[in-house]
Amino acid sequence: MTTLKNDLLLRTLKGEEVERAPVWMMRQAGRYLPSYLVLKEKYSFFERVQTPELATEITLQPVDQVGVDAAIIFSDILVVLQAMGLEVQLIENKGPVLPDPVKNSIDAKRLRIPEVGESLSYVFDALRLTKSALDGRIPLIGFAGAPWTLLCYMVEGKGSKTFDQAKVFCYAQPELAHRLLQMITDTTIAYLKMQIEAGADLVQLFDSWGGLLSPADFENFSLKYIRQIVDALSPYAPVIIFAKGAWHSLHVMAETGASALGIDWCIDPKMARKLAGPDITLQGNFDPAKLLSPIPVIEKEVREMLEQFGPDHHIANLGHGILPNTPVEHALAFVETVKNFSYQSSRRQIVTA
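A. View of the packing of aromatic side chains. Evaluated as defined, the whole model comprises ten aromatic pairs. Here the aromatic rings of F45 and F46 are separated by 5.2 Å at their centres, their planes lie at 75 degrees, and the arrangement is edge-to-face. F46 matches F45 in its accessibility class, with the two residues each being buried. Seen from their ring centres, F124 and Y191 are 6.0 Å apart, and the 55 degrees between their planes marks the pair as tilted.

What follows is the structure in structure tokens.
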């Protein structure tokens, strides 16, 4: 196995003292990079995802151009639903569409727990190619969507700001909802285990719509399944949970055994630390829209974010995916500011108040 030249991220996830915060950006491989847009003109979205050579090229672009401390494999959370038997279309500038969503138990008969080694082999091939191309420069991140978020798309059939149909589905047909959530969970465990075997140094679970649920419903429809995934994977690699908007449950997410919790910009770092406790790593939480600010403003805001989180136990990242109209030089300013930052406070003065 190749020794990592830059293992800042992995050491941070272990809770070790580090010289600075590692930095990467969600959705860093893609839409804001001119080199990505060239490939977008030539190939459809799922051609890019399902062609390992293209996925590898796209994964490496931000590594070479922006200088992040980790690569995250170029893929999509909805490939799991494709493997389970649902058609997924990605319409440019509109988002995902599932023409035949699941509305009842009859629809659910179309679903299966797949043999992921076959149905998602292109992801594992891309991971192996990328791992080889990185040659130990930085860690490689694998990922999947959390079961609740995938159920949202499975039922709604498209993106939504509220996913009301998915929530009503869970309330009106709870037995079926839990059966589907368990199927997604079992598939995701197998999928992420094979990602780790193929070269992922760590994995992240994206629960993009966890914040739509009340604390009790988050536990019932989301966290109980995330907990299964963390239990199954944490012996093999670090796991990051990113449940956007679910700040109310940081304390219970911290008890899952995950190595880090991602947070968005709607919670203050001090409050996040108070809720999550002093020992777990926090990841975030720069507002992606602020990357459209003038570069001096970005640099100032990033320094303030880092000072609030304090040294150690922090991964610098955005609070959600980078916006497609972000100038590359602004993304570079974000990364470089993190790399050049020196804490004003003493190293062990982690914010807890």
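B. Representation of the sheet that holds strand 9 (residues 314-318). Reading across from one edge, 1-4-5-6-7-8-9 is the order of the seven strands in this open sheet, with parallel pairing throughout. Across the chains shown, the open sheet's two edge strands, defined by having one partner strand only, are strand 1 (71-72) and strand 9. Note: strand 7 (residues 260-262) against strand 8 (residues 281-286), three bridges, orientation parallel. For A260, the partnering residue across the bridge sits in strand 8 and is T281.

C. Structural context of the side chain of S75. By the secondary structure assignment, S75 is in the loop between strand 1 and helix 5 (79-83). For S75, a relative accessible area of 12% translates into the label buried. If near-sequence neighbours (up to four positions away) are discounted, S75 is found in contact with F45, V49, V123, F143 and Y191.

D. Seen up close, the pattern of salt bridges. Considering all chains together, one arrives at ten salt bridges under this definition. Note that R11 is salt-bridged to E19, the shortest N-O span being 3.2 Å. Judged by relative accessible area, which is 18%, R11 ranks as buried. The exposure class of E19 is exposed, given its relative accessible area of 53%.

Quick notes on the rules
- Residues numbered from 1 in each chain as written.
- Predicted model: local features only at pLDDT ≥ 70, side-chain atom pairs only at ≥ 80, totals over all residues.
- Heavy atoms only, no water.
- Phe/Tyr/Trp six-rings, centres within 6.5 Å; stacked < 30°, edge-to-face > 60°.
- Buried < 20%, exposed > 50% of the residue type's maximum accessible area, 1.4 Å probe, protein only.
- Pairing = 2+ DSSP bridges.
- Helix = DSSP H or I, 4+ residues; strand = E, 2+ residues; numbered from the N terminus.
- Contact = heavy atoms within 4.5 Å.
- Salt bridge = Lys/Arg side-chain N within 4 Å of Asp/Glu carboxyl O.

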